[in-house]
Amino acid sequence: MTSLDQDVGFSQPLRLTRTELFDFHGVSMINYFTDNWDKVQNFQAKPDDVVIATYPKAGTTWVSHLLDLLYFGASAPERGVSVPLIERVPFLEIYMPAFRLSGVEMLDKMTTSPRLIKTHLPIQFVPKSFWEQKSRIVYVARNAKDSAVSYFHFDRMNCLQPEPGDWASYLQRFREGKVTFGSWYDHVTGWWEKSQTCPNLLYLHYEDLAEDIDRELERLCSFLDVCPTEEERRRAKEGAKFDAMKDNAMTNGTLIKAMDPKISPFMRKGKVGDWKNHFTVSQNEQFDREYREKMANTVLRFRTEI
């Protein structure tokens, strides 16, 4: 299975209705991420695999493209503008047989090394072979308010996702964890706790990346044991800038017809603090009260502005 099959793939008009959420082992999910569950759980990781893990809309595309440019930008300089990101960094759990799309099959057929792998799975769903093989995992976390806003607009324009409704009703469901991949709180804290005891897991913050990409890139290179030249580093940073990615058909979502950019672009703003343009005063106050309660027992902290 490939991502953009010319006969039935995402490049063709889709005749799909929005899917429905259901409870899957305590996490809200949709069938596109659970129908291949046995093969996902039995996926055979390799020691040199590099996983990019996030809650949805936390910079997954950004970091995936950045790492692909770091690893392969020198040997295959046209790769970043000629090969769709989903083929360069397959989405482990996605499974859409009607469109010949299976993350597991794509990864099993990959010949490049290391394999770069995307996942939104919460920590308890990660295939055990990643831990057994000591694959390196980069987790990127984004503050809850900006995550909610970005996820709302994503669900508006992606016809594969459940109907989002209006902002107020969506925010309520986000707070309750009734969105695909479940609770933001459980996701970011579960991965944080794992990072405290797992040396093969690097926990990054979206806000830190936005504030100082050079500093965070240095952390990434050190963690991954990669030593790009100054020119390779510069090209990776330039290629992974928001405007460059928004203009790049391989990263901006325009090849995926399930997404309607007329409703909202896949690459929308990429800013820290856009939540201020969506939360009402009362919504913000209610969110803050609940946030303090749910995050009271962790030292994990987020910035909602920089």
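(A) View of the packing of helix α2 (residues 60–72) against helix α12 (residues 230–239). One way to put it is that α2 packs onto α12 with a least axis distance of 9 Å and a crossing angle of 155°. Considering their axes alone, α2 and α12 lie roughly antiparallel with respect to each other. The handedness of the crossing between α2 and α12 is right-handed. The segment α2 lies against α12, with His65, Leu66, Leu69 and Leu70 engaging Arg235, Ala236, Lys237 and Gly239. Class assignment for the residues of the contact of α2 with α12 results in four nonpolar, two polar and two charged.

(B) A look at the sheet that holds strand β7 (residues 136–141). Read from one edge to the other, the open sheet built from four strands follows the order β6-β3-β7-β8, with strand pairing classed as parallel. Bordering the open sheet on either side are β6 (116–119) and β8 (201–205), each of which pairs with just one other strand. Looking at each pair of strands side by side, their axes are set apart by 20° on average, direction ignored. Relative to β7, strand β3 (residues 50–54) is paired through five bridges, and the arrangement is parallel. When the bridges of β7 are listed, Val51 appears paired with Ile137. Together, β3, β6 and β7 form the strand contacts of α2, whose direction differs from that of β3 by roughly 165°. Relative to the sheet, helix α9 (residues 184–195) contacts β3, β7 and β8, its axis offset from that of β8 by approximately 135°.

Rules behind the numbers
Residues numbered from 1 in each chain as written. Predicted model: local features only at pLDDT ≥ 70, side-chain atom pairs only at ≥ 80, totals over all residues. Heavy atoms only, no water. Axes fitted to C-alpha atoms, helices over the stretch in contact; angles between N-to-C directions. Helix = DSSP H or I, 4+ residues; strand = E, 2+ residues; numbered from the N terminus. Parallel < 35°, antiparallel > 145°, perpendicular 65-115°, else oblique. Left-handed = near helix turned anticlockwise from the far one by under 90°. Contact = heavy atoms within 4.5 Å. Nonpolar A, V, L, I, M, F, W, Y, C, P; charged D, E, K, R; others polar. Pairing = 2+ DSSP bridges.

Bear in mind that shape data such as this cannot, by itself, settle questions of function.
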